[in-house]
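# Summary of structural features
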Amino acid sequence: MADKMTNLSELLVRLFDIQGLKFGKFTMRTGEVTPFYIDMRVICSYPDVTISVSELIYKKAKEIGANYDHLCGIPNNAVPLSTYISTTYLKPQLLKRKEMKSYGTKNNIEGHYQEGDSVLIVDDVIMTGTSLIEADAFFKTENLKLAATVAFIDRQQGGIERIYKTTNMQVHCVTSITETLEILHKAGKVSADVVQDIKQYLRENRFDTTEYMESGHSLHCETKHKYSKKQENGLPLDTGANGK
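Residues numbered from 1 in each chain as written. Predicted model: local features only at pLDDT ≥ 70, side-chain atom pairs only at ≥ 80, totals over all residues. Heavy atoms only, no water.

## Thoughts on the pairing of strand β8 (residues 171-176)
Note the threshold: Only protein chains enter the accessibility calculation, which uses a 1.4 Å probe; a residue is then buried when its area is under 20% of its type maximum, exposed when over 50%, and partly exposed in between. Only DSSP runs of H or I with at least four residues qualify as helices, and only runs of E with at least two residues qualify as strands; both kinds are numbered from the N terminus onward. When DSSP locates at least two bridges between a pair of strands, those strands are taken to pair.
Within β8, five of the six residues are buried, which leaves it mostly tucked inside the rest of the structure. Bridge analysis of strand β7 (residues 145-154) against β8 gives five bridges, and the strand direction is parallel. By the bridge assignment for β8, aspartate 154 is matched with serine 176.

## Regarding the packing of aromatic side chains
The condition that has to hold: Ring pairs shown here join Phe, Tyr and Trp side chains whose ring centres sit within 6.5 Å, with only the six-membered ring taken for Trp; geometry is labelled stacked below 30 degrees between planes, edge-to-face above 60, and tilted in between. Whether a charge sits over a ring comes down to the Lys NZ or Arg CZ being within 6 Å of the ring centre and within 35 degrees of the ring normal.
With the rule as written, the count across this model stands at five aromatic pairs. Ring geometry for phenylalanine 36 versus tyrosine 201: centroids 6.1 Å apart, planes at 90 degrees, classification edge-to-face. With phenylalanine 36 in strand β2 (residues 33-38) and tyrosine 201 in helix α7 (residues 192-204), this pair connects stretches of sequence that are 165 residues apart. On the accessibility criterion, phenylalanine 36 (1% relative accessible area) is buried. For arginine 155, the ring lying beneath its charged end belongs to phenylalanine 36, and the centroid distance is 4.0 Å.

## Comments concerning the side chain of histidine 70
Threshold: Polar contact criterion, stated in full: a pair of N or O atoms within 3.5 Å, where within protein one must be able to donate a hydrogen and the other to accept it, and residues adjacent in sequence count only if both atoms are side-chain atoms. Here, two residues are considered to be in contact whenever any of their heavy atoms come within 4.5 Å of each other.
Mapped onto the elements, histidine 70 comes out in strand β3 (residues 70-73). Using a relative accessible area of 6% as the deciding quantity, one classes histidine 70 as buried. Polar contacts involving the side chain of histidine 70 include one to the side chain of aspartate 117, which spans 2.9 Å. Among all residues touching histidine 70, those that are not within four sequence positions of it are Pro92, Leu94, His112, Tyr113, Asp117, Ser118, Val119 and Leu120.

## Some details on the pairing of strand β6 (residues 118-126)
Moving residue by residue along a regular strand, the side chains alternate between the two faces of the sheet. The condition is simple: Every crossover in which the path from the first strand over the helix to the second runs clockwise, viewed with the strands pointing away from the viewer, is termed right-handed.
Extensive coverage of β6 is indicated by the burial of nine of its nine residues. Of the strand pairs in this sheet, β3 and β6 are connected by four bridges, and their pairing is parallel. Following the sheet pairing, cysteine 72 is matched in β6 by isoleucine 121. Sheet topology places β6 next to β7; eight bridges connect them, and they run parallel. Within the sheet, the bridge partner assigned to valine 119 lies in β7 and is leucine 146. Viewed along the sheet, the connection from β6 through helix α4 (residues 130-141) into β7 turns out right-handed.

Laid out in structure tokens, this is it:
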């Protein structure tokens, strides 16, 4: 059985070592160009990391006093996390489909539940907050109550604030990108310059601004313009799928 890393610092260094935390220039699904990328999909190849992330999410849910009938991982990245919690602690799980199938039962959600049951939502990374805003509306149409929402890491770009402004949902995270940077810097994984550059980037690029919330496009358009000169100069530009 894989060992649990209950120490957050140890886990974040391990996540960096397996390239779950990357630094450079990356294009997100939103079109935003970012100097760091959190790739939680890689942990499927590392059971020890999957277990440790899941355990810390479960611990956070207990710390905030979450009382729930079911848990549900935001598809697809958070499903392995919620599945671990479900099978380890015998908590009933619901599976939310990304889209309704045109065949079979045509269910939007799989699992047995009753109207009025409460759900703990599990997520991996908070960026724009869009997936959780959509999840809030989804569960309301299914007549399910949201007991709490716990994610592993917050990119600190206003996603949590945007979710609260839009849905009144409070999101609790195990850690944040600034805490992660401090831990990685102390471990000698990233330089002080990288830490300061990313902190400045976080201050200048947010998803809870009035402009972004009204247009839905202003932030990533401005960011693309900001980095266009560097791209023209041939700096590396990788693609990623964050943007939730």
